[in-house]
Amino acid sequence: LESRFKDLEVQVPKKYPDVRFLNYKDRKRILITGGAGFVGSHLVDKLLLEGHEVIAVDNFFTGRKRNVEHWIGHHNFELINHDIVNPLFIEVDQIYHLASPASPPHYMFNPVKTIKTNTVGTINVLGLAKRVGARVLLASTSEVYGDPEVHPQTEAYWGHVNPIGPRACYDEAKRVAETLAFAYLQQEGVPVRISRIFNTYGPRMHINDGRVVSNFILQALQGQDITVYGNGAQTRSFQFVTDLVDGLVLLMNSNFSQPVNIGNPDEHTIDEFAQIIHGMVGGGSGVVHKAAVEDDPRRRKPDITRAREQLGWRPL
Ligand code: NAD
Ligand code: UDP
Ligand code: UDP
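Report follows, based on the coordinates. The structure presented is a predicted model; accordingly, all values stated were derived computationally and were not measured.

## With respect to helix α7 (residues 241–252)
For step 1, the next point in the chain: The end-to-end C-alpha distance of α7, which contains 12 residues, comes to 17 Å, matching closely the 16 Å that a straight helix rising 1.5 Å per residue would cover.
For step 2, the next point in the chain: Of all 12 residues that make up α7, 10 are buried, and the element is covered over most of its length.
For step 3, the next point in the chain: Listed as buried for α7 are Val241, Thr242, Asp243, Leu244, Val245, Gly247, Leu248, Val249, Leu251 and Met252.

Here is the structure:
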């Protein structure tokens with residue numbers, strides 16, 4: 001793990017890393033909504049390094065300029081402060097649509113805004129794609145499976161979501177976003193790609209992100225108790241962010257319009273994660289159990305057969 005964090009530092013050095021030369025025919029204009037966020041900024045790096053032109057659109061709700069500051073001023077990069085709930089008129093070839101808060105405390109902060117971002121915002125992105133003939137990749141989520149009754153989760157599973165619970169503003173809005181993508185594909189012929197992203201971690205996660213990996217590392221580093229919600233027997237499967245962005249780019253450039261799980265099937269209980277992080281960081285922290293959170297999925301693990309077969313992708 002340590003060596004992978006180091007690799008990233010080498011790959012993305014200070015100002016203006018060396019980009020590959022692409023001739024006019026192969027170079028694309030690519031829009032990334034949510035491009036200043038955790039995942040979006042790694043995608044910005046990958047696509048710029050490959051020689052493409054990238055336009056990042058972000059309202060900086062959870063994203064930060066700092067995540068892309070090494071590109072600001074580069075002739076292939078543009079950063080636009082814009083809320084995707086409002087229409088956007090630009091000309092591009094491809095759109096990675098990532099704009100949405102992703103961490104439970106962030107998406108629960110303003111549930112109505114979360115719904116608008118993922119529904120109205122997705123309509124705007126699909127309307128833009130329809131007008132300019134662009135291809136759209138939607139960042140959907142394993143949360144469409146809710147608290148799953150099928151394990152591991154295949155893309156054929158329809159999910160088990162409480163439509164009025166605290167997570168619904170995110171889960172149901174992402175489900176509608178998938179429905180919208182499919183409707184624009186079938187009715188308007190917009191080429192869409194749907195990634196169902198599973199839990200992801202890596203550099204540039206916000207220190208106040210509120211998700212389990214950054215919470216546990218921060219607590220351990222500060223010598224505070226590591227807070228496990230509930231009995232800690234719930235499971236998650238975490239992938240490294242560069243595996244995810246490799247998968248997203250493969251999916252975008254494939255011919256496959258059905259949803260595809262992108263995640264690492266290596267499953268652990270949250271108690272095990274607490275022990276692993278405690279063991280790595282050391283220090284005086286203990287592990288304490290707090291009240292369980294409402295509707296917390298009890299287990300989650302992707303079946304990645306489809307990604308392997310359709311994209312030749314698997315986590316490294
Ligand atoms: P993030 O919060 O770091 O990034 C989201 C970005 O979208 C931020 O930069 C934020 O400012 C921006 N944004 C939010 N609302 C917006 C709006 N209305 N208009 C414009 N920009 C807006 O989260 P992330 O982890 O990078 O997630 C990126 C995408 O991947 C999200 O769509 C998320 O649902 C999806 N996803 C992430 C994970 C994960 O584990 N990281 C898992 C499943 C799905
Ligand atoms: N839209 C946009 N940029 C564009 C084209 C459309 O933001 O370049 C928005 C537009 O404001 C509309 C939405 O996308 O609200 C859906 O567009 P569509 O053409 O499907 O619907 P219509 O405009 O006919 O309602
Ligand atoms: N969790 C925890 N302590 C924390 C943060 C999260 O025990 O400080 C648990 C949470 O209840 C869930 C799992 O860790 O069971 C993953 O939570 P996260 O918010 O990272 O992502 P989710 O997969 O729930 O969207």
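Continuing now.
## Quick word on the pattern of salt bridges
For step 1, the next point in the chain: Evaluation of the coordinates by the stated rule reveals 17 salt bridges.
For step 2, the next point in the chain: Notably, a salt bridge pairs Arg29 with Glu53, separated by 3.1 Å at the nearest N-O pair. Taken together, the residues Arg29 in strand β1 (residues 29–33) and Glu53 in strand β2 (residues 53–58) connect sequence positions 24 residues apart.
For step 3, the next point in the chain: On the basis of relative accessibility, which here comes to 32%, the residue Arg29 falls in the partly exposed class.
For step 4, the next point in the chain: Measuring nitrogen to oxygen at the nearest pair gives 2.7 Å for the salt bridge that ties Arg300 to Glu143. Residue Arg300 is found in the loop between β13 (287–290) and α9 (305–311), and its partner Glu143 is found in the loop between β5 (135–141) and α5 (168–188); the two are separated by 157 residues along the sequence.

## Quick notes on the side chain of Thr33
For step 1, the next point in the chain: Locating Thr33 in the fold gives a position in strand β1.
For step 2, the next point in the chain: A distance of 2.9 Å separates the side chain of Thr33 from the backbone nitrogen of Leu98, its partner in a polar contact.
For step 3, the next point in the chain: From its side chain, Thr33 meets the backbone nitrogen of Ala99 in a polar contact 3.0 Å long.

## Thoughts on the packing of aromatic side chains
For step 1, the next point in the chain: Applying the stated rule across the entire model yields 7 aromatic pairs.
For step 2, the next point in the chain: With 4.3 Å between their ring centres and 0° between their planes, Tyr107 and Tyr170 make a pair best called stacked. Remark: Tyr170 occurs in helix α5 and Tyr107 occurs in helix α3 (residues 104–109); sequence separation between them is 63 residues.
For step 3, the next point in the chain: Its relative accessible area of 1% is what places Tyr107 among the buried residues.
For step 4, the next point in the chain: On the accessibility criterion, Tyr170 (7% relative accessible area) is buried.
For step 5, the next point in the chain: Measuring from ring centre to ring centre gives 5.5 Å for Tyr201 and Phe240, while their planes differ by 70°; the resulting arrangement is edge-to-face. Of the two residues, Tyr201 is situated in strand β7 (residues 200–201) and Phe240 in strand β10 (residues 239–240); the sequence distance between them amounts to 39 residues.

Criteria and thresholds
Residues numbered from 1 in each chain as written. Chains lettered and ligands numbered in written order. Predicted model: local features only at pLDDT ≥ 70, side-chain atom pairs only at ≥ 80, totals over all residues. Heavy atoms only, no water. Helix = DSSP H or I, 4+ residues; strand = E, 2+ residues; numbered from the N terminus. Expected span 1.5 Å × (residues − 1). Buried < 20%, exposed > 50% of the residue type's maximum accessible area, 1.4 Å probe, protein only. Salt bridge = Lys/Arg side-chain N within 4 Å of Asp/Glu carboxyl O. Polar contact = N/O pair within 3.5 Å; in protein donor to acceptor, adjacent residues only side chain to side chain. Phe/Tyr/Trp six-rings, centres within 6.5 Å; stacked < 30°, edge-to-face > 60°.

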